[in-house]
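Summary of structural features
Here is what each chain is made of, one letter per residue.
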Amino acid sequence: MQLSDIRTEIRNITGVSSTSTISDAILTDLINKGHNMLADEANLFAGYATRNAVDGTAEYQMMDDTTNISAWSRVEYGTTTGSSDLINMIRIYRVDYDGNRMDRIGVSQIENIGSDVADINLTTSYGYYIRQNFIGIFPTPSATKEIKIYYYHIPTALSSDADIPMIDVRFHEALIYYGSWKVVERLRDINLIPYFKNEWNEWKEKIVLDRQSRAGESSITISYKDF
């Protein structure tokens, strides 16, 4: 379904036909929020980003709220974007250094980052840690080798009428019910709020279970965003 079709269906099932009551811009925003929520809760969209390490540098900034961090080359949804930050990243699920996987470690396990002193039994040659918006490598790299971050990311925002959501077409209806739920919440329609909310939750559960099945996983452990 195209974005315009999803908005039309939300208006049809909620009865809110007037754009003066709920504008198309508000509906588009709600649809994008539902799209992002599904991506977050079901780990739907995987991408990766690369950059080279710097000799003697342990930590590398991934994003900044105000400044563009143009050090990464990222691949999301089959599109490569050079000189970029990782602002679309939801959570990391693997990091490689020089083509080899690294263990995840905690900053608190490292006694002295600058001197590579830690009480850690690594099963890999290097470990990585997250400190705010930085990814750190331990021990500190001593060569210009590639850092590769594998992560789940938010989908491309929908804006034009002809835009199509990145989620499988089978699940576009979930976005209709999310938007409808939030519309009737805004209108304080206490009779319809529980219905649309329940429909949204059922669709969300279907999508999470479908993702688990396709990945061959019995369950998906979703950690909170820690950067």
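Up top is the structure these notes are about.
Our subject in this report is the structure included herewith. (Residues numbered from 1 in each chain as written. Predicted model: local features only at pLDDT ≥ 70, side-chain atom pairs only at ≥ 80, totals over all residues. Heavy atoms only, no water.)

**What about the packing of aromatic side chains?**
Here the structure, examined in full by the defined rule, presents 10 aromatic pairs. Ring geometry for Tyr-48 and Tyr-150: centres 6.2 Å apart, planes at 50 degrees, overall tilted. Residue Tyr-48 is located in strand 1 (residues 46-52), and its partner Tyr-150 is located in strand 12 (residues 146-153); the two are separated by 102 residues in the primary sequence. Residue class for Tyr-150 comes out buried when judged on its relative accessible area of 18%. When the ring centre of Tyr-48 is taken as reference, the NZ or CZ atom of Lys-148 above it lies at 4.3 Å. Stacked on the ring of Trp-203, the Lys or Arg Lys-206 has its end atom at 4.2 Å from the ring centre. (Phe/Tyr/Trp six-rings, centres within 6.5 Å; stacked < 30°, edge-to-face > 60°. Helix = DSSP H or I, 4+ residues; strand = E, 2+ residues; numbered from the N terminus. Buried < 20%, exposed > 50% of the residue type's maximum accessible area, 1.4 Å probe, protein only. Lys NZ or Arg CZ within 6 Å of the ring centre and 35° of its normal.)

**Thoughts on the pairing of strand 11 (residues 134-138)**
Counting buried positions along strand 11 gives four out of five residues, so the element sits mostly inside the fold. As defined by bridge partners, strand 2 (residues 59-61) adjoins strand 11 across three bridges and the pair is classed as antiparallel. Each bridged residue has a counterpart across the sheet, and for Glu-59 the counterpart in strand 11 is Gly-136. In terms of strand pairing, strand 10 (residues 127-131) meets strand 11 through five bridges, oriented antiparallel. Residue pairing for strand 11: Tyr-128 is matched across the bridge by Ile-137. The loop that links strand 10 with its antiparallel partner strand 11 comprises two residues; one of these, Gln-132, has a positive phi angle of about 55 degrees. (Pairing = 2+ DSSP bridges.)

**Details of helix 3 (residues 172-186)**
Taking 1.5 Å per residue as the helical rise, helix 3 with its 15 residues ought to reach 21 Å, and the 22 Å between its terminal C-alpha atoms agrees with that figure. Most of helix 3 sits inside the fold, with 12 of its 15 residues counted as buried. Taken together, the buried positions of helix 3 are occupied by His-172, Ala-174, Leu-175, Ile-176, Tyr-177, Tyr-178, Gly-179, Ser-180, Trp-181, Lys-182, Val-183 and Val-184. Contact partners of the buried residues in helix 3: helix 1 (3-14), helix 2 (24-42) and helix 4 (193-215). Backbone geometry just after helix 3 places Arg-188 at a positive phi near 55 degrees. (Expected span 1.5 Å × (residues − 1). Contact = heavy atoms within 4.5 Å.)

**Let's talk about the nonpolar core**
Ile-10, Ile-31, Leu-38, Val-183 and Trp-200 are the most contacted members of the largest nonpolar core, which has 31 residues in total. Looking at this core, the elements that each hand over two or more residues are helix 1, helix 2, helix 3 and helix 4. With eight residues, helix 3 is the single largest residue contributor to this core. Beyond its immediate sequence surroundings of up to four residues, Val-183 is in contact with Ile-10, Thr-14, Val-16, Ile-22, Leu-27 and Leu-30. One finds Ala-53, Ile-69, Trp-72 and Tyr-97 within the second-largest nonpolar core, a separate group that totals 20 residues. (Core = buried A, V, L, I, M, F, W, Y, C linked by side-chain atoms within 4.5 Å.)

**Examining the sheet that holds strand 7 (residues 103-104)**
An order of 2-11-10-7 is seen for the four strands of this open sheet, with the pairing classed as mixed. Each having just a single partner strand, strand 2 and strand 7 make up the two edges of the open sheet. For strand 7 and strand 10, the ladder comprises two bridges, and the chain directions are parallel. Across the sheet, the residue bridging to Asp-103 is Gly-127, located in strand 10.

Worth remembering: the numbers are spatial, not functional.
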